[in-house]
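Fold and contact review
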Amino acid sequence: MRELAASEPERVWLRLKAKFGDPELVSRDGRRRSRREPGASVPFGKGRDPRALGDVLVGFADDRGWTATLARADVITHWSELVGEENADRTEPVSFDEGVLTVRCASTAWTQQMRILRAETTTRILARFPDCGLERVEFVGPSLPSFSRGRRSVPGRGPRDTWG
């Protein structure tokens, strides 16, 4: 029995030594001092301050490569601020593909007016959203009905002017 009692403290000591390490390498409060790798995060060190949510989301979008896509969506969302309320009431951005912003206008007169303002509109877009990748802006007139298909279509030239 005495041998079992003597071996019990020894087993406990060996278990504690294995768990916490050699007493020469352990600090006073029982935690092992660890050697940190260079560049590892240090508590209360530089770069550990909390960051704003906007900064985190911008970094997240940059990492994923979404910056250009989000900037294109912002151009369409903020169209009325970019061209003014009156112009925005008569125009609508339709698509933004491969650097080309296509805008449908309410009439051919508004199409011509917006073509005159193309340089100013492009400058405003690039100043506010430089990451959108805009190369040019195309203004198209209203879509007209096509006479080439349908129940009442006829082969040939279709409806034309009656002169000549």
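Look above for the structure.
Below, the structure is looked at part by part. (Residues numbered from 1 in each chain as written. Predicted model: local features only at pLDDT ≥ 70, side-chain atom pairs only at ≥ 80, totals over all residues. Heavy atoms only, no water.)

Working note: non-glycine residues mostly have negative phi, and peptide bonds are mostly trans. One non-glycine residue with positive phi stands out, namely E98, at about 50 degrees. Looking at where E98 falls in the secondary structure, it is placed in the loop between β1 (91–97) and β2 (100–105). A residue is classified by how much of its surface remains accessible, and E98, at 75% relative accessible area, is exposed. (Helix = DSSP H or I, 4+ residues; strand = E, 2+ residues; numbered from the N terminus. Buried < 20%, exposed > 50% of the residue type's maximum accessible area, 1.4 Å probe, protein only.)

What follows is about a nonpolar patch on the surface. On the surface, V12, L16 and F20 cluster together to form a nonpolar patch covering roughly 250 Å² of accessible area. For F20, the location among the structural elements is in helix α1 (residues 2–20). (Patch = residues over 30% accessible without salt bridge, like charges linked within 9 Å, V, L, I, M, F, W, Y side chains within 5 Å. Areas by Shrake-Rupley, 256 points an atom, 1.4 Å probe, with all protein chains shown as cover. Salt bridge = Lys/Arg side-chain N within 4 Å of Asp/Glu carboxyl O.)

Judged by pairing direction, the sheet is mixed, and its three strands sit side by side in the order β1-β2-β3 without closing on themselves. Of all the strands in the sheet, the pair left with one neighbour each is β1 and β3 (136–140). On average, each strand axis in the sheet is tilted by 25 degrees relative to the strand beside it, whichever way the strands run. Here β1 runs beside β2; their pairing, made up of six bridges, is antiparallel. (Pairing = 2+ DSSP bridges. Axes fitted to C-alpha atoms, helices over the stretch in contact; angles between N-to-C directions.)

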